Amino acid sequence: MQNVLNALRTLEELAGRQPIGVAELARAMDLPKSTVQRALGTLHTAGWIKQTGSTPTRWTLTTKALLIGRQATGELGVRDVAVPVMEKLRRAVDETVHLAVPEGDRIVLVERLETSQPVRIVLPLGQPLSGHASANGKAILAAGPSDAVERYLARGLTHFTDTTIDDPDALRTELDAVRARGYALNQGEWRDDVSAVAAAVLGPDGVPVASMSINLPSSRCDRERLHALGSHVRSAAQEISAALGYETPHASRVR
């Protein structure tokens, strides 16, 4: 217990004095240097602090402390966490990346990072997306409760293109496939010229709070490439979900 208290006290002192070295921190806390060194090692291993790279070594907080603090005050928004991950994803695949959120019965596009390629998909922010004919929509439906799916089906499935899934049983089967692989596909189901893959972002309670997609012209992809992009977007969505406080069932078991 004392080791835990020392680590927490070290974290609090470091937050108010960063960047700071171990000797200065030990003097400020009136603790042996070896005790503070052990606490710093624990905090570093846990991802709470990092070295500045200067000589002698000095320590600062990582963004993990910021994320936890903002969660505690209710200030942490999905977009705050998502945008850096979206940027990393865009650099990796060089395709347009979208973030959409559920708003009542609608799914709305709220953020877009564009590809550097000249031919691209451009959708306006605020654009409502189809729940059954867009990758974002299917990702959110698949991650949500079954009664939400049935309510959606009861409103009817609009036919957009020749590949739109507009049969309720076929959509249920498609959502089962989305759950199994962890990402949704759209190959011209909403607009003939638009293809996408998307994965749901989950909040701490496991409820979908957003979805992230990679969008590209249908002319630049086939189903094989969509599946390759799907693994990228699935990993990115899982990273955002974890930052928001969601723990996978496996992560809970191994603790």
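Residues numbered from 1 in each chain as written. Predicted model: local features only at pLDDT ≥ 70, side-chain atom pairs only at ≥ 80, totals over all residues. Heavy atoms only, no water.

Looking at an unreviewed UniProt entry, one finds the chain named Transcriptional regulator, IclR family, with Streptomyces formicae as its source organism.

> Honestly, helix 5 (residues 78-93) in this entry has me stumped. Any pointers?
Counting along an α-helix, one turn takes 3.6 residues, and residues three or four places apart therefore face a common direction. Over its 16 residues, helix 5 runs 22 Å from end to end, which matches the ideal 22 Å to within 8%, given 1.5 Å per residue. Just downstream of helix 5 lies Asp94, where phi reads positive at about 50°. (Helix = DSSP H or I, 4+ residues; strand = E, 2+ residues; numbered from the N terminus. Expected span 1.5 Å × (residues − 1).)

> What exactly am I supposed to notice about the environment of Arg179 here?
The residue Arg179 is located in helix 8 (residues 168-181) in this model. Residue class for Arg179 comes out partly exposed when judged on its relative accessible area of 41%. In sequence terms Arg179 and Ala139 are 40 residues apart; their C-alpha atoms lie 8.2 Å from each other. Residues within four places of Arg179 in sequence aside, it is in contact with Leu141, Ala142 and Val149. (Buried < 20%, exposed > 50% of the residue type's maximum accessible area, 1.4 Å probe, protein only. Contact = heavy atoms within 4.5 Å.)

> Looking at this structure, how should I read the sheet that holds strand 3 (residues 96-103)?
Picture the strands of a sheet paired through backbone hydrogen bonds; they go either parallel or antiparallel. Taken in spatial order, the six strands of this open sheet run 5-4-3-8-7-6, and their pairing is antiparallel. With one partner strand each, in any of the chains shown, strand 5 (128-129) and strand 6 (184-187) form the two edges of the open sheet. Bridging between strand 3 and strand 8 (residues 208-217) involves five bridges; their strand directions are antiparallel. Considered in strand 8, the bridge of Ala100 is made with Ser211. (Pairing = 2+ DSSP bridges.)

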